Amino acid sequence: MWVGFRRHDLALIVHYVGLLLLGIGAAMVVPFAVACVAGEWDAALDYLLGTGVTSLAGLTGVMVKPGGAPLKHAHALAIAALSWLLASAFAALPLALSGSYLSYLDAFFDAVSGLTTSGLTLVHDLDHMSLAHNMWRHLTHLIGGQGIVVAAIAFSVALQGGAFSLYLAEGREERIEPNVINTARFIWVVTAVYVALGTTALFVLFLAKGMVPGRALLHGVFASVACFDTGGFGPQSQNALYYHSWGFELITMLLMIAGTINFNLHAFVWRGRRGELYRNLEVRVLAANVAILAVLASVALAGAAFYSQPQEIVRKGLYHLVSAHSGTGHQTFYPGTWTTLFPGAAAVAVILAMAAGGSASSTAGGIKALRVGLFAKNALLQVRRQLAPESAHIVSHYQHLKRRRITPELVAAAMLVILLYLLTYVTGGLVGVALGYGPVEAMFESVSATANVGLSTGITSPSMPVALKIFYILQMWVGRLEFLTVFALFAAVVLAFRPGRKVQE
Amino acid sequence: MKRSPVALTLLLSATLVLATPLKVALAATTTASPGDAISELKGSDGDIVTIEGEAIGEALGADSGHVWVNVLGGGAALGVYVTREAAAGIRVYGDYGHTGDTVRVTGRLHAACDLHGGDADLHATTLEVVRSGFVRPHPVNWWKAIAGLGTLGLAALQLRRFLLARRRHEFR
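Residues numbered from 1 in each chain as written. Chains lettered and ligands numbered in written order. Predicted model: local features only at pLDDT ≥ 70, side-chain atom pairs only at ≥ 80, totals over all residues. Heavy atoms only, no water.

## Thoughts on the overall build of chain A
To keep it simple, the criterion reads: Strands are runs of DSSP state E lasting at least 2 residues, helices are runs of H or I lasting at least 4, and numbering of each runs from the N terminus. To get the radius of gyration, use the C-alpha atoms; to get the globule rule, take the number of residues to the power 0.38 and multiply by 2.2 Å. Residue burial is assigned from relative accessible area. The probe radius is 1.4 Å, only protein chains are included, and a residue is buried under 20% of its type maximum, exposed over 50%, and partly exposed in between. Note on definitions: a residue-residue contact is assigned when non-hydrogen atoms from the two residues lie within 4.5 Å. The method behind every accessible area is Shrake-Rupley, applied with a 1.4 Å probe, and residues are considered shielded solely by the protein chains displayed. Here the positive residues are Lys and Arg and the negative ones are Asp and Glu; neither His nor the chain ends is included. A single reference atom marks each charge: NZ on Lys, CZ on Arg, CG on Asp, CD on Glu.
Across its full length, chain A carries 22 helices and two strands. Taken over the C-alpha trace, chain A has a radius of gyration of 23 Å; the compact-globule value for 505 residues is 23 Å, and the two agree within 12%. Seen through its C-alpha atoms, chain A measures out along the principal axes to roughly 75 × 70 × 50 Å. Split into buried and exposed, the 505 residues of chain A put 60% on the buried side. For chain A, the proportion of contacts with a sequence separation of at least 24, taken over those separated by at least 6, is 74%. Just so you have it, chain A exposes about 19,000 Å², and 69% of that area is on carbon and sulfur atoms. Averaging the locations of the 31 positively and 23 negatively charged side chains of chain A gives two centres separated by 12 Å.

## Notes on the overall build of chain B
Along its length, chain B carries five helices and eight strands. In chain B, the succession of α and β elements from N to C terminus is α-β-α-α-β-β-β-α-β-β-β-β-α. When each of the 172 residues of chain B is scored for burial, the buried share is 42%. Per element, the accessible surface of chain B, about 9,500 Å² overall, is 63% carbon and sulfur.

## Describing the interface of chain A and chain B
Let me state the cut-off plainly: Summed over both partners, the accessible area lost on bringing two parts together, with a 1.4 Å probe, is the buried area. In the sections that follow, a salt bridge refers to a side-chain nitrogen of Lys or Arg positioned within 4 Å of a carboxyl oxygen of Asp or Glu. We define a polar contact as two N or O atoms separated by no more than 3.5 Å, with the added condition that, inside protein, one atom must be a possible hydrogen donor and the other a possible acceptor, whereas residues neighbouring each other in sequence contribute only through side-chain atom pairs. Under the scheme applied here, ten amino acids are nonpolar (Ala, Val, Leu, Ile, Met, Phe, Trp, Tyr, Cys and Pro), four are charged (Asp, Glu, Lys and Arg), and all others, including Gly, are polar.
Facing 51 residues of chain A, the contacting portion of chain B comprises 52 residues. Carbon and sulfur atoms make up 63% of the area that chain A and chain B hide from each other, which totals about 4,200 Å². Between the two partners, chain A and chain B, sit five salt bridges. Across the pair D46(A) and K144(B) runs a salt bridge, and its minimum N-O distance is 2.6 Å. At the boundary of chain A and chain B, one finds 16 residue pairs in polar contact (both at pLDDT 80 or more). Of all the elements in the fold, those that place two or more residues in the side of chain A that touches chain B are α3 (41-62), α15 (310-326) and α16 (337-340) of chain A. The greatest single-element share of the side of chain A that touches chain B, amounting to 15 residues, is contributed by α3(A). Classifying every residue of the side of chain A that touches chain B gives 22 nonpolar, 17 polar and 12 charged.

## Brief notes about unusual backbone geometry
Residue and element names in this part refer to chain A. Non-glycine residue N239 carries a positive phi angle of around 60 degrees. In this structure, N239 sits in the loop between α10 (213-228) and α11 (246-259). A residue is classified by how much of its surface remains accessible, and N239, at 15% relative accessible area, is buried. Despite not being glycine, N452 shows a phi value in the positive range, around 55 degrees. Turning to its location among the elements, N452 is positioned in the loop between α20 (439-450) and α21 (466-481).

## Overview of helix α22 (residues 484-496) of chain A
Selection rule: One less than the number of residues in a helix, times 1.5 Å, gives the span that helix is expected to have.
Its 13 residues place the ends of α22(A) 18 Å apart at the C-alpha level, agreeing with the 18 Å of an ideal helix rising 1.5 Å per residue. Every buried residue belonging to α22(A) is among T485(A), V486(A), L489(A), A492(A) and L495(A), and all of these are buried.

## So, the packing of aromatic side chains
Residue and element names in this part refer to chain A. So the rule is basically this: In this scheme Phe, Tyr and Trp rings, the latter by its six-membered ring, pair at centre separations within 6.5 Å, and the angle between planes marks the pair as stacked below 30 degrees, edge-to-face above 60, and tilted otherwise. Should the NZ of a Lys or the CZ of an Arg lie within 6 Å of a ring centre and within 35 degrees of the ring normal, that charge is described as sitting over the ring.
Under the counting rule described, the total for this entry stands at 14 aromatic pairs over all chains. For the pair Y194 and F228, a centre-to-centre distance of 5.1 Å together with 10 degrees between the ring planes defines the contact as stacked. A residue pair is termed long-range when its members are at least 10 positions apart, and Y194 in helix α9 (residues 180-208) and F228 in helix α10 qualify at 34 residues. For Y194, a relative accessible area of 22% translates into the label partly exposed. For F228, a relative accessible area of 0% gives the class buried. Their ring planes at 90 degrees and their centres at 4.8 Å tell us that Y421 and F483 sit as a pair that is edge-to-face. Pair noted here: Y421 is in helix α19 (residues 408-434) and F483 is in the loop between α21 and α22, with a separation of 62 residues, a long-range link. Its end group placed over the ring of F233, R137 keeps NZ or CZ at 4.0 Å from the ring centre.

## What to know about the nonpolar core
Threshold: We define the nonpolar core as a collection of buried residues of types Ala, Val, Leu, Ile, Met, Phe, Trp, Tyr and Cys that are connected through side-chain atoms lying within 4.5 Å of one another.
If you look at the biggest cluster of nonpolar residues, it comprises 156 residues, and the most contacted ones within it are W136(A), F248(A), F342(A), M354(A), I51(B) and V69(B). Top contributing element to this core by residue count: helix α4 (residues 73-97) of chain A, with 11 residues. What V69(B) contacts, discounting residues up to four positions off in sequence, is A55(B), A59(B), L78(B), G79(B), V80(B), V82(B), A87(B), I90(B) and Y93(B). Counting 10 residues, the second largest nonpolar core, distinct from the first, contains L370(A), L374(A), I406(A) and V411(A).

## Quick word on the pattern of salt bridges
All told, the structure shown has 12 salt bridges over all chains when counted by the stated rule. Note that K144(B) is salt-bridged to D42(A), the shortest N-O span being 2.9 Å. Of this pair, K144(B) sits in helix α5 (residues 142-167) while D42(A) sits in helix α3, on two different chains. Just as K144(B) is buried, D42(A) falls in that class too. A network of salt bridges, in which partner residues are shared, links D42(A), D46(A) and K144(B).

## Topic: the packing of α21(A) against α22(A)
All names here are of chain A. Applied cut-off: With axes taken as lines fitted to C-alpha atoms, and helix axes fitted only over the stretch in contact, angles between N-to-C directions fall between 0 and 180 degrees. Each angle gets one of four labels, with under 35 degrees taken as roughly parallel, over 145 as roughly antiparallel, 65 to 115 as roughly perpendicular, and the rest as oblique.
At a minimum axis distance of 6 Å, the contact between α21 and α22 shows a crossing angle of 115 degrees. When the axis of α21 is compared with that of α22, the two are roughly perpendicular. Contact residues: W477, V478 and L481 in α21; L484, T485, V486, L489 and F490 in α22. Residues belonging to the contact of α21 with α22 are distributed by class as follows: seven nonpolar, one polar and no charged.

## Some details on the confidence of the model for chain B
Residues and elements named next belong to chain B. Which entries qualify depends on this criterion: The quantity known as pLDDT measures the predictor's confidence residue by residue, on a range of 0 to 100.
Summary statistics for chain B give a mean pLDDT of 87 and a share of 81% for residues scoring 70 or more. Note that pLDDT drops below 50 for residues 16-25; the model gives that stretch three contacts with residues more than four away or on any other chain. As scored by the predictor, the complex reaches a pTM of 0.91 and an ipTM of 0.88.

## A look at the packing of α19(A) against α21(A)
Residue and element names in this part refer to chain A. Packing of α19 against α21 leaves a shortest axis separation of 11 Å and a crossing angle of 170 degrees. On the basis of the axis angle, α19 is roughly antiparallel to α21. Contacts from Y421, T424, T427, G428, V431 and G432 of α19 reach α21 at L468, F471, Q475, V478 and G479. When grouped by side-chain class, the residues that make up the contact of α19 with α21 number five nonpolar, six polar and no charged.

## Overview of the side chain of H320(A)
For H320(A), the location among the structural elements is in helix α15. From its side chain, H320(A) meets the backbone oxygen of K316(A) in a polar contact 2.8 Å long.

## Side note on the confidence of the model for chain A
Reading fine detail from the predicted coordinates is not recommended where pLDDT is low. Overall, the predicted model of chain A reaches an average pLDDT of 89, with 92% of residues at or above 70. Counting contacts from residues 501-505 of chain A, a segment whose pLDDT is below 50, to residues more than four positions away or on other chains yields 10 contacts.

## A look at a nonpolar patch on the surface
Residues and elements named next belong to chain A. Convention followed: Patches here are clusters of residues that have more than 30% relative accessible area and form no salt bridge, with a 9 Å joining cutoff for like charges and a 5 Å cutoff for nonpolar side chains (Val, Leu, Ile, Met, Phe, Trp, Tyr).
On the surface, a nonpolar cluster with roughly 360 Å² of combined accessible area is contributed by V189, V193, L197 and W270. Sorting elements by how many residues they give to the nonpolar patch places α9 first, with three residues. Position of V189 relative to the elements: it lies in helix α9. Its relative accessible area of 42% is what places V189 among the partly exposed residues.

Take a look at the structure:
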């Protein structure tokens, strides 16, 4: 039975979406302040207007009375899906006013990319962008990386009884503290610590390289946020290649690894239970994936004789595999060189890394290491059952924060999401091919968008077809929310227009 | 049928003549943009090329005698490894408030530089500033201020309505 929303359900949804939009409007105060300090007055007005419009929209939604109805899981799914879309729409406003985007659609693309921590960009002339706009682009990584809903919960934006449902609807599973508000705050504390450490390390590095202190600090913040939140934006068009620094690559690689680790695992490590790091299924899968794909990429690069020194292969291969797996998307290659300079196997290794993704309950995207691990363990379990006597009862367990048993329900849930990811990867690739791009490039870009990575072969640019921009926006959105949240919203919309249905009070 | 040696020689010569321009697309005698150089990385790896573009960001320390100057043009920026003395001639670097000095750089292009971890770069032998940079104007659009203050004012009124309604327990 399909249950649609009634009028009071819609009121509840609009009310909560309004609350979350208020948070986005409030966050724009940060780039406004940066613009004022830097003397970027026209940019400051972009954020004045952005804050005003977003806050007005948010408050208008908040004024819709929820009518006392309790917030159920169905509401939470619709709120999460709609919030991400509308937050992007309003976050795009100051970007669209900046003059750095050729259209509002391009600005909306970047806002979606920022909030979903994808990192693909349609910005025009990034090297002359204001500090304020760069701050906002990276702030969207910070907000979206932890989750718009998690941010609201952490700062207790009047969500009250619906907090836990909203938390789950955003694709979060970790229950680090008994209370979801404390869990959300813990996530932000972990983020603050790593961003602070990364900023400090990079600030020192940049000062040593001759940057002025103000730029060194801001670039340190931008890179730390982009890497820990595995977003991938950068303040310069060359991305990580701008700095020509192995020190930069090392620091940011450590931040990417930290960002791709499950927040529950961070809690375990912080509480001194470091043994979980070695026993955890996700960590083992990630380590195995990176190792296997590193060998594949290294053999391919060595065979192509492109790099003359082994350390170059290790440095380039490891950095980009970690960038791909974590979903960061930082690169020290020029976009077009992925398929023109390197052998196909190297690009395939990166595509597989992007597709597999990082840990669940982290800032990473993709299928997730936990699902890959469950798939592999279930496959082994089935083989064992085939080889065992009929009367034998074979079970399998895995370690993920505690010892757990592999059940058919668990496997089915994992397989559903894996299939949805694979279907979206392939569909996006086919759309790219249909629009005239090469199959490897189209597949690379499709996986990068859906898995919220941001590595690019050069397809993503202001000149790409409008249809592809819209399709990648959809891919980034559904990939971030892992499909079911978005499907629930679509179902609710379809049911609202079902013929013969009367709205009941 | 015997093939004429003369015909074969002519054919071979014609092939070499036709193929040669592809190889010297970025020869030092022509000036390319950094974007062009990057798109020709594979074909021009190891060649002496000349590029012209805008110096952006800042000079970043490379080693005791050299810095990195990133040069933007043709839709992309290329890292140039150049002596500190040569880079000292650059007065303005491009950012939000400035268009940087236009520089013309001649040097060896590397698709994967062994000295710099496999990065694509250009090791400069000469660098000259051909055009000075300048301030980029960003005039204030006052309509944004009017619209921004207007919407903030309306938002403040909405907030007042919401707080009054909440005080009357209309939002449970």
